[in-house]
Amino acid sequence: MRIFYVIIFLLLKINYLYGNSNFYLEGVSHFEKQEFNKAKFKFEQDIVFNPKSEKSYLYLSKIFNKQNKKDLEKKNLKTVILLNPQNEEATFNLIQLKLKESDYSGSKKLVEKLLNFCKDYCKKSIKLQTEIEKSIKK
């Protein structure tokens, strides 16, 4: 009888985990269709079950960028970087956001940090660094 309860528990646990893993994928699907409110809801659901889901936070920042909600975009980018300090895309997007806010010293520090670990964003980061240097000299 005890084995029966263990099997039921495991089946429920697997079903629960499988159902929760779909939130992120559903969010991506909605995002690609530009259904940002539906995508936002799915990414938030994913975060409830996976609080360290840096990918969901990154997509939320992209949604808030599209919706021109800069404070929420920044908050989510910082969360991604807190979860993974070497997330190139989040760091790069935060640099761009700081540049738009005319925070040249903050963006300079971030681009220098990004250049230390970049793989995919190196060329873009060097261009941004040049742009920041020109802006600081003005």
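Data block above holds the structure.
Keep in mind that this is a model prediction, so the values were computed, not measured.

## Quick word on the environment of Glu 35
Okay, step 1: Checked against the element boundaries, Glu 35 lands in the loop between helix H1 (2-32) and helix H2 (36-49).
Okay, step 2: Residues Glu 35 and Ile 63 lie 28 residues apart in sequence; the distance between their C-alpha atoms is 9.5 Å.

## Let's talk about the pattern of salt bridges
Okay, step 1: With the rule as written, the count across this model stands at seven salt bridges.
Okay, step 2: Glu 73 serves as the salt-bridge partner of Lys 70, at 3.7 Å between the closest nitrogen and oxygen. Taken together, the positions of Lys 70 and Glu 73, both in helix H4 (residues 70-83) and three residues apart, correspond to about one turn of that helix.
Okay, step 3: Residue classification places Lys 70 among the partly exposed positions, given a relative accessible area of 25%.
Okay, step 4: The class for Glu 73 is buried, based on a relative accessible area of 4%.

## Side note on the state of the cysteines
Okay, step 1: Counting across every chain of the model gives one disulfide.
Okay, step 2: Put simply, Cys 118 and Cys 122 are joined by a disulfide, and their sulfur atoms are 2.0 Å apart. In this structure the cystine formed by Cys 118 and Cys 122 twists about its S-S bond by roughly 105°; its chirality is therefore right-handed.
Okay, step 3: We classify Cys 118 as buried; its relative accessible area is 13%.
Okay, step 4: A relative accessible area of 24% places Cys 122 in the partly exposed class.

What counts as what
Residues numbered from 1 in each chain as written. Predicted model: local features only at pLDDT ≥ 70, side-chain atom pairs only at ≥ 80, totals over all residues. Heavy atoms only, no water. Helix = DSSP H or I, 4+ residues; strand = E, 2+ residues; numbered from the N terminus. Salt bridge = Lys/Arg side-chain N within 4 Å of Asp/Glu carboxyl O. Buried < 20%, exposed > 50% of the residue type's maximum accessible area, 1.4 Å probe, protein only. Disulfide = S-S within 2.5 Å.

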